[in-house]
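Commentary on secondary and tertiary structure
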Amino acid sequence: MKGDVMKRLKQVLAGMLILAMVLTPGPSFAMEEPKITAKGAIVMDYDTGQVLYEKNADKAYSSASMAKVMTAYLILDAIHRGDLSWDTMIPISDKARTQSPWDKTPFAEEERLGDLFDPYMVRSNNQMGIAIAEYMGGGSEDGFVAQMNQKARDLGLDASYTEANGLKPNQVTARAQALLTRSIIKEYPEILKTTSKHQARFKDQVYRSTNKFYRDFRYFKGVDGFKTGSAPYSGQCLTTTCTRRGRRLISVVMGSQGKDRRYYDTMKIINYACELSTTSPWAKDVPKRADRENMNTAAYKGLATFRGREPMSRGEFTLLMALTLALPMEEGQTEFRDVPEDAYY
């Protein structure tokens, strides 16, 4: 009896030792952080909110036209409340026609909101943004800006806006921009249909996306949005959503310097985050092994793989511990089972 107890204790200790070994990253896991030109940057897991990379993520910079993400959020809020519809006609003021003259928008006296939204986001058309902001702000863009800042407070974002488009300096942290993007996608996933478009049409004009990930850098796979921003006072800015192996990441770079550096910076930090969280060889077969051991994994619905280079969730840790020690996992089972010889790996 005593011998059985000692044998069992050794098995448990061996399992715990092996578990500690696989959960402890060794020197070979060390990765050098990417060198980027951006002043501030972040990569965030869309599903969990986990930050996989950051650089000055809580320091505020001007986000330039990435401010349009907040404007789009308020538009979608109003549509889903029933205050607006895509058929709402937006009056075009003299200010909307004359500010940002490089946009050269062929406006009528008023335009349908549904015709403005896609080119506003895809081409970053400032004149459209002014018209929409004036309408939603009760005739004043300042009234709309107050709504933008209230929405930022409601979401708990470190962000302060000065107008609807980013034509003037604003103050937004990279973390706030990532959280804003995560929130709008969660609440209104249809925004991805707009921000993933390579072009948008307005009347007889075709507006090509400002996002070069859809042409010059299309070799970088997985990008499906989100928003560019650039101004003399902000440098190059870019928010990107990218899906790799079923996992969506949100990246933000602010203040990148040099031709197209925001794209190179984005590729570097997304690749870094993906490599950092690549499934380790010891862990990738855990769910299948659990099935072979007839363990009930229903409690961990949605679990597909373990990512050995980042923190585990409680469910992942419990399942791995159970597999290592062959603990009871089925309803009504209360006793230990003998540990299979191949359970340790």
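Residues numbered from 1 in each chain as written. Predicted model: local features only at pLDDT ≥ 70, side-chain atom pairs only at ≥ 80, totals over all residues. Heavy atoms only, no water.

**Focus: the overall build of the chain**
For the record, the criterion: Strands here mean DSSP runs of E at least two residues long; helices mean DSSP runs of H or I at least four residues long; both are numbered from the N terminus. In this scheme, a residue with accessible area under 20% of its type's maximum is buried, one over 50% is exposed, and one in between is partly exposed, where area comes from a 1.4 Å probe on protein chains only. In what follows, residue pairs with any heavy atoms lying within 4.5 Å of each other are defined as contacts. Note on areas: these come from Shrake-Rupley sampling with a 1.4 Å probe, and a residue is covered only by the protein chains present in the view.
Broken down by element type, the chain carries 11 helices and 12 strands. A total of 345 residues make up the chain; the buried ones form 51% of that total. Restricting the contact set of the chain to residue pairs at least 6 apart, pairs at least 24 apart contribute 64%. Taken as a whole, the chain presents about 16,800 Å² of accessible surface, with 52% of it coming from carbon and sulfur.

**Thoughts on the sheet that holds strand β6 (residues 159–160)**
Through backbone hydrogen bonds, the strands of a sheet pair up, either in parallel or in antiparallel fashion. Selection criterion: DSSP calls a pair of strands paired once it identifies at least 2 bridges connecting them.
The strand order β3-β7-β6 describes an open sheet built from three strands, whose pairing is antiparallel. Each edge of the sheet is formed by a strand with only one pairing partner; in this case those strands are β3 (60–61) and β6. Note: β3 against strand β7 (residues 171–173), two bridges, orientation antiparallel. If you follow Y61 over to β7, its bridge partner there is V172.

**Thoughts on helix α4 (residues 113–122)**
Within α4, eight of the 10 residues are buried, which leaves the element mostly enclosed by the surrounding structure. Residues of α4 that are buried include every one of L113, L116, F117, D118, P119, Y120, M121 and V122, and no others. Downstream of α4 by one or two residues, S124 has phi in the positive range, about 65°.

**As for the confidence of the model for the chain**
Which entries qualify depends on this criterion: Each residue carries a pLDDT score, the predictor's confidence in it, ranging from 0 to 100.
When pLDDT is averaged along the chain, the result is 82, and 71% of the positions lie at 70 or above. In the model of the chain, helix α1 (residues 2–23) stands out as the element of lowest mean pLDDT, 54, in contrast to helix α2 (residues 68–81), which has the highest, 97. Under a pLDDT of 50 for its full length, residues 21–29 has, in the predicted model, nine contacts with residues more than four places off or in other chains. Every residue in residues 279–283 scores below 50 in pLDDT, and together they form 15 contacts with partners more than four places removed in sequence or on other chains.

**So, the pairing of strand β1 (residues 40–45)**
Counting buried residues along β1, six of its six residues qualify, which places the element largely inside the surrounding structure. Judged by which residues are buried, β1 turns out to be covered on both faces: G40, I42 and M44 on one side and A41, V43 and D45 on the other are all buried. Here β1 runs beside strand β12 (residues 247–256); their pairing, made up of six bridges, is antiparallel. Note on β12: the bridge partner recorded for M44 is I250. Of the strand pairs in this sheet, β1 and strand β2 (residues 51–55) are connected by four bridges, and their pairing is antiparallel. Of the residues in β2, the one forming a bridge with M44 is V51. Following β1, the chain reverses through five residues before pairing antiparallel with β2; G49 in that reversal takes a positive phi of roughly 80°.

**Section: the pattern of salt bridges**
The test is simple: For salt bridges, the criterion is a side-chain nitrogen of Lys or Arg within 4 Å of an Asp or Glu carboxyl oxygen.
Following the criterion strictly, the structure yields 15 salt bridges and no others. In this structure, E141 and K95 form a salt bridge, with 2.9 Å as the shortest nitrogen-oxygen distance. Of the two residues, E141 sits in helix α6 (residues 141–155) while K95 sits in helix α3 (residues 94–98), which places them 46 residues apart along the sequence. Taking the relative accessible area as the measure of exposure, E141 reaches 7% and is therefore buried. The partly exposed category is assigned to K95, whose relative accessible area is 31%. When salt bridges that share partners are traced, they join E54, D58 and R175 into one network.

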